[in-house]
Amino acid sequence: MSLSLNDSTQYLKSVSPQKASLLSSVGINSVQDLLYYFPFKYLDRRKIVKSDQLNQYLSKGFDGEVTLIACVDFKESYYFGKKRMMKVVMKDDKGFFDLVWFRGIEYFQQKFIEGEFYAISGKPVLTKYNHIQIVHPDFDKLDNSEAQDYLHTGRIIPFYRIPEKLRKNKFGDLSLRKLIFQVVEKYSNLVEERLPTSIIKRFNILDINSAIKNLHFPSSNETLEKALYRMKFEELFFFELMMAIRKHKIKYLLKGNSFQVHPRIINKLLSKFSFELTQSQLEVLSEIRKDLESSQPMNRLLQGDVGSGKTVVALICLLIVSNNNMKSVLLVPTEILARQHFQTITNYLKDFNIEIILIIGGMRKKEKDNVFNKISNSKNCIVIGTHALFEENVRIDNLGLVVIDEQHKFGVLQRSKVISKGKSPDVLIMTATPIPRTLSLTAFGDLDLSIIKKVPSNRQQVKTFLRNEKALDKIYSFIKSRVDNGEQAFIVYPAIEENENSELKSAEKYFVELSQSYFKDYKLALLHGKMTTEKKDEVMNNFKNKTFNILISTTVIEVGIDIPNASVILINNAERFGLSQLHQMRGRVGRGEAQSYCILVTKQRIEKRTPVDLEFNFLSSQQIEQNKTLIRLNSIEKHSDGFKLAEIDLKLRGPGEILGLKQSGIPEFIFSDLTKDLEILEIARRVAFEIIDNDPRLLNPQNIILKKILDVNNWGKVPYFRV
Ligand code: ADP
Ligand code: MG
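Treat the numbers as computed from the prediction; the structure is a model and nothing was measured.

## Here we look at the nonpolar core
Among the nonpolar cores identified, the biggest contains 104 residues, and F233, F237, L269, L349 and I359 are the most heavily contacted of them. Contacts of I359, omitting those with residues within four sequence positions, involve V371, F372, I375, V383, I384, G385, T386, A388, L389 and V394.

This is how it looks when you write it as structure tokens:
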């Protein structure tokens, strides 16, 4: 009988029907499932040392992690003062060393058995009696023959995640390793190659069979790396191939509008600005203009740090489209921002005879009907709205352009809901959260990219300070001095109202308190999301026209709010906010000419600064995990560059959390790590785009293999930006 990857595991030697059904119960049914059950770590040969080497290292001041292979000599538990401890003395062929635990003693006592071999990893120290000691090490049990094998040949040993259910049924590391070894020997050659030979040759990539073999049982560290490279390349390549296909479809298969740009009209608008456009704004505008003029639909991501002046760029696009007698939409995440844009745009366009229409949540039926009528009666209106726009009964015929502001506040599907209201409208997606390059090449891989590289030159960098709560008195006096100077301030709190179960400070409470104490001679206003629309509107207007000196607010002001006269933002409970959130809030100041300040207040002890940022590439993942808050706070204090902060954020939180994985359209890559694999991603993308440029439908014989894989794997199911 011929072998097949679909063979049931029961055909394997040593797999009884009972064992096969045990494997099935954890999702391993076929031989192929085993072949793709990859190790999650390996015994790393480069880190393995013998106990005598270790002695030398430590006496020379070595301070890092190592792995030793050794067997248990004896174990004991004893009291050290009042503390119970457990010690296991290990031996290898060169000497002895101690493992020590202060916690979980019963458990470890059971785990370690005299005469058995283990791979021990951890950070060794030399005790004052010159013993090598490792406290709370990581360890993996090895079969004796494996250990011998390793010690003599240095074979690299793979470790697999063993589901609890298997372990309970005495199916542990060794059994799985043996089973997979058998499968790899017998079946790995059956896996069909998925990459064209030309790519394999060009980049000197491992073929799929060698890659699979070496992922399970690497013949050396080098081949293991090559095998990993191959798998990463493959998954990134197919993802980018799909991006290239989508982008190609949007460009060449969808028929969009081609708009005419009349310089006279644009100049009329420019003359209303109190400033000249920056070089960066002009550059992105010329990229966007080409898209608008061409009949291929625009699908562009506009990146620019907070305050870089994206709104006027959007405004110019909106004007061009209206001038061509089509309608457009500006989608924004909050009502306050929608109103701000509505006012700014109404103001700038008042002599242009273009209707500007606002749609927000909570409008009454009558109001809504009125708005819908206005939209359908207008030829070229600009509709500004929040999530309320997603509703199906919001119809916008003759829709030429969709602009999405603060895109990170929306999911892919939400964006496409608005875009699909038109027939291939041009799309401009704006983001102030700088997107690390790996993410812009994946999550936004089918978009063209424009970047506003510099903020207007009238700006001074915002000075950022991290302070303890105890300094609040001083900070308040500082705010007074700025206000006395005619400037304005934001004071942000994480909660609206006081809650006895929470330590978070609330805007309502401090609004009352500060109005009666520190700031009793000043005009304070309160703003939060639960206030009525009219009230919010009134507060923002009065803050803008300087009736109020200080705005006490929740995070409703996080994105987009533009009050150039505000020069201080004080953020309470700063430890509670994410890095990009802090950066956004800081972006509320520094929008005018005055020197601006962002003061982050926390009750955490901040004198204990870790060597963060910071070059935290050198911190272990555990250290990063334990110090996330401090790293965030120190990073925001130290860096003003949004891109730098975005990179740090990516390392701290990972792409999934940043983008909301389910909404992001990025699959969960098995091998690739978007925080690290930029280089492979860039190559994979370049090759994928080259192929689609030359052979968009993958008809060349050498590309047929790719088409097959795309069809089989249903790559097309990942949500589209366009529908
Ligand atoms: P963001 O990119 O964060 O959306 P905005 O578009 O709100 O930034 O612009 C921030 C502020 O900068 C606004 O007050 C805007 O009027 C002003 N601004 C925009 N472009 C320029 C420029 N070229 N020179 C000076 N100020 C500008
Ligand atoms: Mg903005």
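## Concerning the packing of aromatic side chains
Two aromatic rings are characterised by how far apart their centres lie and by the angle between their planes. Following the criterion strictly, the structure yields 26 aromatic pairs and no others. Each ring, one from F112 and one from F139, has its centre 4.7 Å from the other, and the planes form 55°; the classification is tilted. Residue F112 is located in the loop between α4 (105-111) and β5 (117-122), and its partner F139 is located in strand β8 (residues 138-142); the two are separated by 27 residues in the primary sequence. Each residue in the set W101, Y107, F108, F112, Y118 and F139 is aromatic and connected to the rest through ring pairs, giving one cluster. Here the basic side chain of R177 rests over the ring of F159, its NZ or CZ set 4.8 Å away from the ring centre.

## A short note on the pattern of salt bridges
For the coordinates displayed, the defined rule picks out 37 salt bridges. R246 is the partner of D446 in a salt bridge, and the nearest nitrogen-oxygen pair spans 3.4 Å. With D446 in the loop between α17 (437-442) and β16 (448-452) and R246 in helix α10 (residues 221-253), this residue pair connects regions lying 200 residues apart in the sequence. The same class applies to D446 and to R246, which are both buried. For D537, the salt bridge goes to R339, with nearest N and O atoms at 3.0 Å. Remark: R339 occurs in helix α14 (residues 335-348) and D537 occurs in helix α20 (residues 533-544); sequence separation between them is 198 residues. Of the residues examined, D537 reaches a relative accessible area of 18% and is grouped as buried. Classification of R339 as buried rests on a relative accessible area of 19%. Three or more residues joined by partner-sharing salt bridges are found here, namely E193, R194, R230 and E234.

## Quick word on unusual backbone geometry
Located in the positive-phi region is H136, a residue other than glycine, with phi close to 45°. Here H136 shows up in the loop between β7 (132-135) and β8. One non-glycine residue, N398, lies in the positive phi region at around 60°. Residue placement: N398 occurs in the loop between β13 (382-385) and β14 (399-404).

## Observations concerning helix α13 (residues 310-323)
The end-to-end C-alpha separation of α13 is 20 Å, in line with the 20 Å expected for 14 residues at 1.5 Å each. Within α13, burial applies to K310, V312, V313, A314, L315, I316, C317, L318, L319, I320, V321 and S322. Looking one or two residues past α13, N325 carries a phi angle of roughly 60°, positive in sign.

## Here's the deal with the domain arrangement of the chain
If you check the domain split of the chain, you get domain 1 (45-155), domain 2 (263-293 + 309-431) and domain 3 (463-606). Here the C-alpha centre of domain 2 lies 65 Å away from the C-alpha centre of domain 1.

## Points about the site of ligand 1
Taken together, 17 residues lie around ligand 1, and G307, K310, T311, R459 and D562 are the ones closest in. Within the side chain of T311, an N or O atom sits 2.7 Å from an oxygen atom of ligand 1. D562 places a polar side-chain atom, nitrogen or oxygen, 2.7 Å from an oxygen atom of ligand 1. Taken by itself ligand 1 offers 560 Å² of open surface, and the protein chains cover 90% of this. Split into classes, the residues belonging to the shell around ligand 1 amount to 5 nonpolar, 6 polar and 6 charged. Residue assignment places the shell around ligand 1 across two domains, with domain 2 (263-293 + 309-431) and domain 3 (463-606) each supplying three or more.

## Brief notes about the packing of α10 against helix α26 (residues 678-694)
Axis separation between α10 and α26 bottoms out at 8 Å; the angle between their running directions is 45°. By the angle class used here, α10 and α26 are oblique. Crossing geometry of α10 relative to α26 is assigned as right-handed. On α26, the residues that touch Y229, K232, F233, L236, F237, E240, L241, M243, A244, I245, K247 and H248 of α10 are I680, L681, I683, A684, R685, V687, A688, F689, I691 and I692.

## Description of the sheet that holds β16
In a beta sheet, neighbouring strands pair by backbone hydrogen bonds and run either parallel or antiparallel. Here we have 7 strands laid out as an open sheet, ordered β12-β13-β11-β14-β15-β10-β16, and parallel in their pairing. Edge positions in the sheet fall to β12 (356-359) and β16, since each has one partner strand and no second. Within the sheet, the average angular offset between the axes of one strand and its neighbour, ignoring direction, is 20°. As defined by bridge partners, strand β10 (residues 299-304) adjoins strand β15 (residues 426-431) across 5 bridges and the pair is classed as parallel.

## Quick word on the packing of α14 against α20
Between α14 and α20, the shortest axis-to-axis distance is 10 Å and the interhelical angle comes to 55°. With respect to α20, the axis of α14 lies oblique. Two packed elements cross with a definite hand, and for α14 against α20 that hand is right-handed. Together, E335, I336, R339 and Q343 of α14 and T533, K536, D537, M540 and N541 of α20 make up the contact between the two elements. When grouped by side-chain class, the residues that make up the contact of α14 with α20 number 2 nonpolar, 3 polar and 4 charged.

## Some remarks on the environment of E682
Looking at where E682 falls in the secondary structure, it is placed in helix α26. Note: C-alpha distance between E682 and S59 (623 residues apart in sequence) is 44 Å. Setting aside chain neighbours within four positions, we find E682 in contact with R437 and L441.

## A word on the sheet that holds strand β21 (residues 566-571)
Spatially, the 6 strands line up as an open sheet ordered β17-β22-β21-β18-β20-β19, and their pairing is parallel. The outermost strands of the open sheet, each flanked by one partner alone, are β17 (463-468) and β19 (524-527). Direction aside, the axes of adjacent strands within the sheet are offset by 20° on average. The pairing of β17 with strand β22 (residues 597-602) spans 6 bridges and is parallel. The residue of β22 that forms the bridge with R467 is V601.

## Focus on the pairing of β13
Residues I382 and I384 of β13 are buried on one face, and the alternating residues V383 and G385, pointing to the opposite face, are buried as well. Pairing of strand β11 (residues 327-331) with β13, which is carried by 4 bridges, proceeds in the parallel orientation. Bridge pairing in β13 places V329 opposite V383. Bridge analysis of β12 against β13 gives 4 bridges, and the strand direction is parallel. When the sheet's bridge partners are listed, I359 is paired in β13 with G385. Each parallel crossover has a hand, and for β12 linked through helix α15 (residues 365-377) to β13 it is right-handed.

Procedures and definitions
- Residues numbered from 1 in each chain as written.
- Chains lettered and ligands numbered in written order.
- Predicted model: local features only at pLDDT ≥ 70, side-chain atom pairs only at ≥ 80, totals over all residues.
- Heavy atoms only, no water.
- Core = buried A, V, L, I, M, F, W, Y, C linked by side-chain atoms within 4.5 Å.
- Buried < 20%, exposed > 50% of the residue type's maximum accessible area, 1.4 Å probe, protein only.
- Contact = heavy atoms within 4.5 Å.
- Phe/Tyr/Trp six-rings, centres within 6.5 Å; stacked < 30°, edge-to-face > 60°.
- Helix = DSSP H or I, 4+ residues; strand = E, 2+ residues; numbered from the N terminus.
- Lys NZ or Arg CZ within 6 Å of the ring centre and 35° of its normal.
- Salt bridge = Lys/Arg side-chain N within 4 Å of Asp/Glu carboxyl O.
- Expected span 1.5 Å × (residues − 1).
- Domains from an automatic or database assignment.
- Near = heavy atom within 4 Å.
- Polar contact = N/O pair within 3.5 Å; in protein donor to acceptor, adjacent residues only side chain to side chain.
- Areas by Shrake-Rupley, 256 points an atom, 1.4 Å probe, with all protein chains shown as cover.
- Nonpolar A, V, L, I, M, F, W, Y, C, P; charged D, E, K, R; others polar.
- Axes fitted to C-alpha atoms, helices over the stretch in contact; angles between N-to-C directions.
- Parallel < 35°, antiparallel > 145°, perpendicular 65-115°, else oblique.
- Left-handed = near helix turned anticlockwise from the far one by under 90°.
- Pairing = 2+ DSSP bridges.
- Right-handed = clockwise from strand over helix to strand, strands pointing away.

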